[in-house]
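Given next are the chains, with one letter for each unit.
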Amino acid sequence: MARENPTWGHRRIQGELARLGYPIAASTVWEIRHAAGIDPAPRRAGPTWRQFLTAQAHAIIACDFLVVETLLPKRLYVLVFIEHGTRRLHLAGVTAHPTGAWIVQQAATWPGTWMPASPGCGP
(Lines give C-alpha, C1' and ligand atoms only; values in the text may rest on other atoms or scores of the structure.)
Protein backbone atom coordinates (compact mmCIF):
# COMPACT_ATOMS: atom_id res chain seq x y z
CA MET A 1 0.00 0.00 0.00
CA ALA A 2 2.80 2.41 0.86
CA ARG A 3 4.52 1.92 -2.48
CA GLU A 4 1.28 2.29 -4.45
CA ASN A 5 0.22 5.36 -2.43
CA PRO A 6 3.37 7.34 -1.62
CA THR A 7 1.46 10.21 -0.01
CA TRP A 8 -0.17 7.93 2.58
CA GLY A 9 1.35 7.92 6.04
CA HIS A 10 1.37 5.04 8.50
CA ARG A 11 -1.87 6.20 10.15
CA ARG A 12 -3.71 6.35 6.82
CA ILE A 13 -2.51 2.85 5.91
CA GLN A 14 -3.52 1.58 9.35
CA GLY A 15 -7.01 3.06 8.83
CA GLU A 16 -7.36 1.49 5.41
CA LEU A 17 -6.28 -1.92 6.75
CA ALA A 18 -8.77 -1.63 9.62
CA ARG A 19 -11.50 -0.79 7.11
CA LEU A 20 -10.61 -3.96 5.21
CA GLY A 21 -10.93 -6.00 8.41
CA TYR A 22 -7.26 -6.18 9.40
CA PRO A 23 -6.90 -4.47 12.77
CA ILE A 24 -3.27 -3.45 13.23
CA ALA A 25 -1.59 -0.74 15.27
CA ALA A 26 -0.29 2.34 13.50
CA SER A 27 3.08 1.80 15.18
CA THR A 28 3.26 -1.67 13.62
CA VAL A 29 2.63 -0.19 10.19
CA TRP A 30 5.39 2.35 10.85
CA GLU A 31 7.81 -0.44 11.86
CA ILE A 32 7.00 -2.45 8.71
CA ARG A 33 7.53 0.61 6.50
CA HIS A 34 10.79 1.43 8.26
CA ALA A 35 12.08 -2.16 7.97
CA ALA A 36 11.20 -2.19 4.25
CA GLY A 37 13.15 1.03 3.74
CA ILE A 38 10.11 3.09 2.77
CA ASP A 39 10.52 6.71 3.80
CA PRO A 40 7.73 8.48 5.68
CA ALA A 41 5.08 10.20 3.61
CA PRO A 42 6.04 13.75 2.66
CA ARG A 43 4.57 16.54 4.71
CA ARG A 44 1.80 18.49 3.11
CA ALA A 45 2.88 21.68 1.46
CA GLY A 46 1.54 24.90 2.81
CA PRO A 47 1.66 26.97 5.92
CA THR A 48 1.12 25.70 9.43
CA TRP A 49 -1.98 26.80 11.33
CA ARG A 50 0.06 29.41 13.22
CA GLN A 51 1.55 30.76 9.97
CA PHE A 52 -1.91 30.91 8.37
CA LEU A 53 -3.42 32.84 11.30
CA THR A 54 -0.47 35.23 11.40
CA ALA A 55 -0.79 35.93 7.69
CA GLN A 56 -4.58 36.38 7.86
CA ALA A 57 -4.86 38.17 11.24
CA HIS A 58 -5.53 41.54 9.61
CA ALA A 59 -8.68 40.12 7.99
CA ILE A 60 -10.04 38.07 10.91
CA ILE A 61 -12.76 39.59 13.05
CA ALA A 62 -14.43 37.67 15.86
CA CYS A 63 -17.53 38.54 17.84
CA ASP A 64 -18.82 37.59 21.24
CA PHE A 65 -21.39 38.52 23.85
CA LEU A 66 -20.41 39.77 27.27
CA VAL A 67 -23.00 39.46 30.02
CA VAL A 68 -23.27 42.37 32.47
CA GLU A 69 -25.21 41.90 35.67
CA THR A 70 -26.53 45.26 36.93
CA LEU A 71 -27.20 46.25 40.54
CA LEU A 72 -30.87 45.94 39.74
CA PRO A 73 -31.87 42.38 38.92
CA LYS A 74 -31.29 42.96 35.22
CA ARG A 75 -28.96 41.27 32.74
CA LEU A 76 -27.54 43.15 29.76
CA TYR A 77 -25.88 41.59 26.75
CA VAL A 78 -22.99 43.45 25.14
CA LEU A 79 -22.02 42.56 21.57
CA VAL A 80 -18.34 43.14 20.88
CA PHE A 81 -16.07 42.60 17.89
CA ILE A 82 -12.32 42.06 18.07
CA GLU A 83 -9.90 42.67 15.23
CA HIS A 84 -7.24 39.98 15.52
CA GLY A 85 -4.66 41.97 13.59
CA THR A 86 -4.75 45.01 15.88
CA ARG A 87 -6.36 43.34 18.91
CA ARG A 88 -8.80 46.21 19.11
CA LEU A 89 -12.12 45.60 20.82
CA HIS A 90 -15.17 47.36 19.36
CA LEU A 91 -18.45 47.81 21.19
CA ALA A 92 -21.25 47.06 18.73
CA GLY A 93 -24.32 47.35 20.95
CA VAL A 94 -26.02 46.65 24.27
CA THR A 95 -29.46 45.13 24.76
CA ALA A 96 -31.47 43.31 27.39
CA HIS A 97 -33.11 41.03 24.82
CA PRO A 98 -30.80 40.04 21.94
CA THR A 99 -32.44 38.52 18.89
CA GLY A 100 -30.99 37.19 15.68
CA ALA A 101 -32.31 40.18 13.75
CA TRP A 102 -30.70 42.60 16.23
CA ILE A 103 -27.33 40.85 15.92
CA VAL A 104 -27.48 40.92 12.11
CA GLN A 105 -28.37 44.61 12.17
CA GLN A 106 -25.47 45.44 14.49
CA ALA A 107 -23.01 43.46 12.38
CA ALA A 108 -24.26 44.93 9.09
CA THR A 109 -24.39 48.58 10.18
CA TRP A 110 -21.44 48.99 12.53
CA PRO A 111 -19.05 50.43 11.27
CA GLY A 112 -19.56 50.46 7.53
CA THR A 113 -15.83 50.36 6.77
CA TRP A 114 -14.80 47.14 8.47
CA MET A 115 -16.89 44.74 6.40
CA PRO A 116 -16.00 44.37 2.75
CA ALA A 117 -18.89 45.18 0.47
CA SER A 118 -20.10 42.29 -1.61
CA PRO A 119 -23.21 41.79 -3.74
CA GLY A 120 -26.20 40.58 -1.79
CA CYS A 121 -24.78 41.45 1.64
CA GLY A 122 -25.87 44.14 4.01
CA PRO A 123 -29.20 45.73 4.86
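Per-chain numbering applies: the sequence of each chain, read as written, is numbered from 1 onward. Note on the predicted model: pLDDT of at least 70 is required for a residue's local features to be given, and 80 or more for side-chain atom pairs to be given and counted; whole-chain, interface and lining totals, by contrast, use all residues. Side-chain numbers here rest on the full set of heavy atoms in the structure, without hydrogens or water.

Caption draft 1: Structural detail: the overall build of the chain. When its secondary structure is counted, the chain shows four helices and three strands. The buried label applies to any residue whose accessible area, calculated with a 1.4 Å probe on protein chains only, is under 20% of its type's maximum; exposed applies above 50%, and partly exposed to all values in between. Counting across all 123 residues of the chain, residues that qualify as buried make up 15%. Here, two residues are considered to be in contact whenever any of their heavy atoms come within 4.5 Å of each other. Counting only contacts in the chain whose residues sit at least 6 apart along the sequence, the fraction spanning at least 24 positions is 20%. Surface exposure of the chain reaches about 9,900 Å², of which carbon and sulfur atoms provide 59%. Secondary structure elements are taken from DSSP: a helix is a run of H or I of four residues or more, a strand is a run of E of two residues or more, and numbering for both begins at the N terminus. A 1.4 Å probe and the Shrake-Rupley method give the accessible areas. Residues count as covered only by the protein chains that appear here.

Caption draft 2: How the structure looks around the nonpolar core. The set of buried Ala, Val, Leu, Ile, Met, Phe, Trp, Tyr and Cys residues whose side-chain atoms join them within 4.5 Å is what this entry labels a nonpolar core. One finds Leu79, Phe81, Ala92, Trp102 and Ala107 forming the largest nonpolar core, which totals five residues. For this core, the secondary-structure elements that each account for two or more residues are β2 (75-83) and α4 (100-109).

Caption draft 3: Up close: the side chain of Gln106. Its place among the elements puts Gln106 in helix α4. Overall, the relative accessible area of 14% leaves Gln106 in the buried class. Not counting the four nearest positions on each side in its chain, Gln106 is found in contact with Leu79, Ala92 and Gly93.

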